Amino acid sequence: MRIADDFAHLTASLMTNPNRLSCSAVWTCSSPSAPEESQLQEKWRIASRSLVEAESVFVNCLSDINTSVLQHLLYHNTVDQKWQVQMKQLLQLNERFQALWDQTGKRCKALQQGLNAGGPLGPRDLYLVSSITGVQEGYVQYFSSFTSLSVVGGFDYLAKKTSSYWKKNKDHLSKFLTTSQKAENSVSVSLFRILHERIREQVNQYTLILKHLCQPGDQVQLNQKSTGADELSEALRVYVDLQSHISQVLDEASHTKVLWKSLGQKLTDVLRSPERRLREDSRSAPVSLSPGKFGHERILLFDDVLVVLQGSDIHCYDLTTLWVEETDDASSERRNLKLITPEEIFMLYSQEAQHEVVWHWKINQSLRQCLCGKRDYPLWGKGSHSETPSSPPACRFAAYTYKNEGRLKNAIYEGYWNQGKPHGKGTLKWEDERNYTGDFKDGQEHGFGVCLIPRLGEEGYDCYKGHWREGKMQRYGICEYSNNMVYRGYFKDNLRHGFGILESSRVDSSSIRYVGHWENDKKHGYGVLESTDSGETYIGMWQEDQRQGPGIVVTQSGLCYEGTFHCDKLTGKGVLLSEDNALYEGEFTEDLQLKGKGKLTFPNGYTIEGVFSSTFGNGLQANGVLKTAGNDVTAENASLLQLGVDSLPVFERWQGIFDPFMEYLRTGATDESEEAFVGFHVESGRSLRKAVNEEVAAQNQSDTSLPYLSCNRKSGELPVKNTDFIRELKSRWDSDQLQQYLEKSFQSPMHPLGKLLKTQVLVFRATYSGMGANKHLLSMAQEEVKSHAEKILELITDYIPVSLRTGSQEDVTREEINCYTLVLPLIMPAFYPELSMLYMLYHEKDDALYWQGVVHLGLLSDTKLLEFLDVQKHLWPLKDLHLTSNQRYSLVKDQCFLSAIECFQKISTTADPREKIDTMFRTFEEIEKTVSRVLNKDYKLPMDDLLPLLVYVVSRARIQHLGAELHLIRDMMDPEGEGGITDFLLTALESCFQHVQKQEIRQGRFTDSL
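Cut-offs used in this document
Residues numbered from 1 in each chain as written. Predicted model: local features only at pLDDT ≥ 70, side-chain atom pairs only at ≥ 80, totals over all residues. Heavy atoms only, no water. Helix = DSSP H or I, 4+ residues; strand = E, 2+ residues; numbered from the N terminus. Expected span 1.5 Å × (residues − 1). Buried < 20%, exposed > 50% of the residue type's maximum accessible area, 1.4 Å probe, protein only. Polar contact = N/O pair within 3.5 Å; in protein donor to acceptor, adjacent residues only side chain to side chain. Axes fitted to C-alpha atoms, helices over the stretch in contact; angles between N-to-C directions. Parallel < 35°, antiparallel > 145°, perpendicular 65-115°, else oblique. Left-handed = near helix turned anticlockwise from the far one by under 90°. Contact = heavy atoms within 4.5 Å. Nonpolar A, V, L, I, M, F, W, Y, C, P; charged D, E, K, R; others polar. Patch = residues over 30% accessible without salt bridge, like charges linked within 9 Å, V, L, I, M, F, W, Y side chains within 5 Å. Areas by Shrake-Rupley, 256 points an atom, 1.4 Å probe, with all protein chains shown as cover. Salt bridge = Lys/Arg side-chain N within 4 Å of Asp/Glu carboxyl O. Phe/Tyr/Trp six-rings, centres within 6.5 Å; stacked < 30°, edge-to-face > 60°. Lys NZ or Arg CZ within 6 Å of the ring centre and 35° of its normal. Pairing = 2+ DSSP bridges.

This part covers helix H24 (residues 819–842). Given a rise of 1.5 Å per residue, 24 residues ought to cover 34 Å, yet the end C-alpha atoms of H24 are separated by just 25 Å, more than 12% below that figure. Burial runs high along H24: 17 of the 24 residues are buried. Between the side-chain oxygen of the N-cap and the backbone nitrogen of Tyr 820 there are 2.9 Å, and the N-cap of H24 in question is Asn 818.

Here you go:
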């Protein structure tokens, strides 16, 4: 009975004076002589019982409200399109009401069970403390729905729909109202009070209960951490904030409702929504868009939009794309507000300084809440935690539809913004179905992006993916056209410009591929065009998408044309070479017909010099002089004629592939310029995976573990990529470190040097593979390889340490740092397949004669071959072999000088000219070692003894294309080696090669004499 009396006393105190803070008599423990712990438990028990009693009364009240009021409102909530919004809000209010009722009942029941169990109680057993978030959320959601219903005129709607019912059942409402309220209130006001006052009062009771638990002066103080003093204080702060929040949302809803009634029905229908709340009105805090002209327009700030009313015009500005700044007004010495939107910038002027402060604060608060997607708690003020709300971020994510005239009219942008401009990642969609997704900077496409452009009057899209600068396609990118053509290369101002590759799908029956230079979206400069439809490859100069200037045409049938082109036609004098080495030098028609003065050389060396003509049905006709003298020399010269060396100088061919790299170096090798040059994003997923697999496989097969270059992409994307190209180059202080660094750089397609080499190889293969694999282009090819090496060294020379460039180190001389020693050995493997094929084609005749000699010499035993070559017998290494005397002189084969033979065979297993030369030296050393072992003394072979032994080793090594190998070595070797021991050995091997081609050897005549 004591507890019931206490609770009745507390309830009466709360109802008569909700703000009363002193109820110490209620909470004083009944047994002051008991131990402190016992007193504390008794205090928690009394508080819990009082809460249970209060909640039971509250639950019963909610039940009455539900039965007597809410259910009748729902019953009369018939379908009415005019009041659809109000009907929806009523249903939501009922849902939140039922949830609050249900949660309160469950918590109360659980606390009652805890009391009945009789165990010790503490802060965690009082759900006002332990379930603080759930309790708070229930009330916040309910009052959110309640105010939304009020704002849209829901209670007026409900009073109108149910007025006849309440006239008949006045007692259903009157029991919830006081006498004065019954007399004063209409039905709508009564419904408004019934559905929120008792619920709001319950929060006040929670606050009083917690205040008394925390109140000092009791016999039992909550001073220790174990008593839960901190938890109680935190809970009290939350419920005090909840009281403020409820009061603020009710006031805010009231002001908003008043506004809607004042605007008129038309504006209200346009602007009103259940969730929208008025934050500020220019009639309360006067501001204007023009200085000194107040009252001409009305400015309304809502929690999601800023509205400017000018006569009948309505201008709405979404807060997600609104920025506000303070500016100084020099004339009035007052700070005004600058408002920035995606398409407008305007000022807010105020008469009073405090009005500017109010608007600035409220706009910032509304912006921040709108961007966060949740309201402050409480709505304004610092709250119990005294935390100052943060300012809205300048950079934010939002969506916006452009309306003004211009390139963005009706376009929709969704992405990140900064000060009213797209900035960061985003997507821009036009109404004509253009679509850009990628990076933005200061309102323009800038960085990497993908753009889809529909074809006018056609189905399909052009897709560009690459780099942008100030709204235009710039630098490296890929464009996939709707006609199955693909361009990979460089752009400038949305046009193909610089080096690039345009090719059709390989599955097309008539595919084309252009590799070369562009200017203003047209082929211009040096380039190579391969067409399967015409069966031709053009190598030469272009202008305005047409062949213009010197050029070479190579056909599938082996024909080669060289001459001058004008407006896409070969005109004037030129050269024609057929596959059987027939040569024509003279004038051509536009369709490559022989017409005019010229000279025709036949494969047998005969020549006709005169005037040629060609008519349909009559074949080729000539009027001139036939010469048969000197036919061997003439035929040889025709078969070895090299094209393009003079007409297409090597320094004019591929400048466009070096220009981006030079720009990258000029910009200081920044990350942005590196990505634009290297083209990280535009590589396909398949090519990236292939590059990764190749790099990993190479790493696994390597015996030594060299550190990979750093990579500023995600780990695992690619093993090698440099983040600071210049710094890495300058840090290599000796030639070995520099060469290791360059080797790794060239191997990575994502490193700037690797990308440059990859492009060089690409253009080389485009020119000299397929139809371009023609022996008459060998000189052009080997010139290009050396030129590429020289250009790379020229580009990086300024970033190599001075000590390496000037030869100041003791073990490094100036001659060691050149393209033949530093660059060419590293890049040669990439060019070797196509280059070696051209050498084999060029020396095909000599290699065939040499091979005939090797085959016949291979029929002889070692002793027979040594004897035939006039090798002195005391140099024969027969005593090294454990054979009988008969075997020694008749059956021995491929046993003598075996180490030298195996060494020399390695000459064709490497692409590096230096390694090939090293193989030559080791072969010579192995021959001398074998001879010294036979003679049991050191022995230096004189030339007369060396040549026969070299012929023996060469014939037994059986290298099929030795002539091509030797000429490649001589053409690609360091010029510093000419005239030295290297030149001597190479000349000796060339003599052996010529010796094996002798007619008597090729025809096997030596067998009879032997």
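On we go from here.
On to the packing of helix H29 (residues 913–935) against helix H31 (residues 962–972). Across the interface, H29 lies against H31 with an axial gap of 9 Å and an inter-helix angle of 120°. What the angle tells us is that H29 and H31 run oblique. Helix-helix and strand crossings are classified by hand; for H29 and H31 the assignment is left-handed. Across the interface between the two elements, Pro 913, Lys 916, Ile 917 and Met 920 of H29 pack against Glu 965, Leu 968, Ile 969 and Met 972 of H31. When the residues that make up the contact of H29 with H31 are grouped by side-chain class, the tally is six nonpolar, no polar and two charged.

It is worth spelling out a nonpolar patch on the surface at this point. Judged by side-chain polarity, Met 943, Ile 981 and Phe 984 come together as a nonpolar surface patch covering roughly 250 Å² of accessible area. Relative to the assigned elements, Met 943 resides in helix H30 (residues 943–957).

Below, the discussion takes up the pattern of salt bridges. A pair can form between side chains of opposite charge whenever their charged atoms are brought close. A complete count under the given rule lists 32 salt bridges for this structure. One salt bridge connects Glu 544 with Lys 522, and the closest N-O pair in it is separated by 3.3 Å. Taken together, the residues Glu 544 in the loop between strand S20 (536–543) and strand S21 (546–555) and Lys 522 in strand S19 (residues 522–531) connect sequence positions 22 residues apart. A residue is classified by how much of its surface remains accessible, and Glu 544, at 47% relative accessible area, is partly exposed. By relative accessible area, which is 35% here, Lys 522 ends up partly exposed.

Time to look at the packing of helix H7 (residues 154–168) against helix H10 (residues 187–194). Between two packed helices, both the angle of their axes relative to each other and the distance between the axes serve to describe the pair. Put simply, H7 and H10 touch, their axes get as near as 8 Å, and they point 110° apart. By the angle between their axes, H7 is roughly perpendicular relative to H10. Between H7 and H10, the contacting residues are Phe 155, Asp 156, Leu 158, Ala 159 and Trp 166 on the first element and Val 187, Ser 188, Leu 191 and Phe 192 on the second. Residue composition of the contact of H7 with H10, grouped by class: seven nonpolar, one polar and one charged.

With that out of the way, let us pick up the packing of aromatic side chains. Scanning all chains against the criterion turns up 40 aromatic pairs. Measuring from centroid to centroid gives 5.4 Å for Tyr 487 and Trp 518, while their planes differ by 90°, and the two rings are edge-to-face. Taken as a pair, Tyr 487 in strand S16 (residues 486–492) and Trp 518 in strand S18 (residues 512–519) lie far apart in primary sequence, 31 residues in all. In terms of burial, Tyr 487 and Trp 518 fall into one category: buried. Ring geometry for Phe 764 and Phe 831: centres 5.1 Å apart, planes at 85°, overall edge-to-face. Of this pair, Phe 764 sits in helix H21 (residues 752–768) while Phe 831 sits in helix H24; the two residues are 67 residues apart in sequence, bridging distant segments of the chain. Accessibility classification places Phe 764 together with Phe 831 in one group, the buried group. Sitting over the face of the ring of Trp 430, Arg 434 holds its NZ or CZ atom 4.3 Å from the ring centroid.

This brings us to the pairing of strand S22 (residues 560–566). In the case of a regular strand, side chains alternate between the two sheet surfaces. Along S22, five of the seven residues are buried, which leaves the element largely enclosed by surrounding structure. The hairpin turn running from S21 into S22, its antiparallel successor, is four residues long, and Gly 558 in that turn takes a positive phi close to 100°. Taken together, the seven bridges between S22 and strand S23 (residues 569–577) define a ladder with antiparallel strand orientation. Within S23, the position partnered with His 566 by the bridge is Lys 569.

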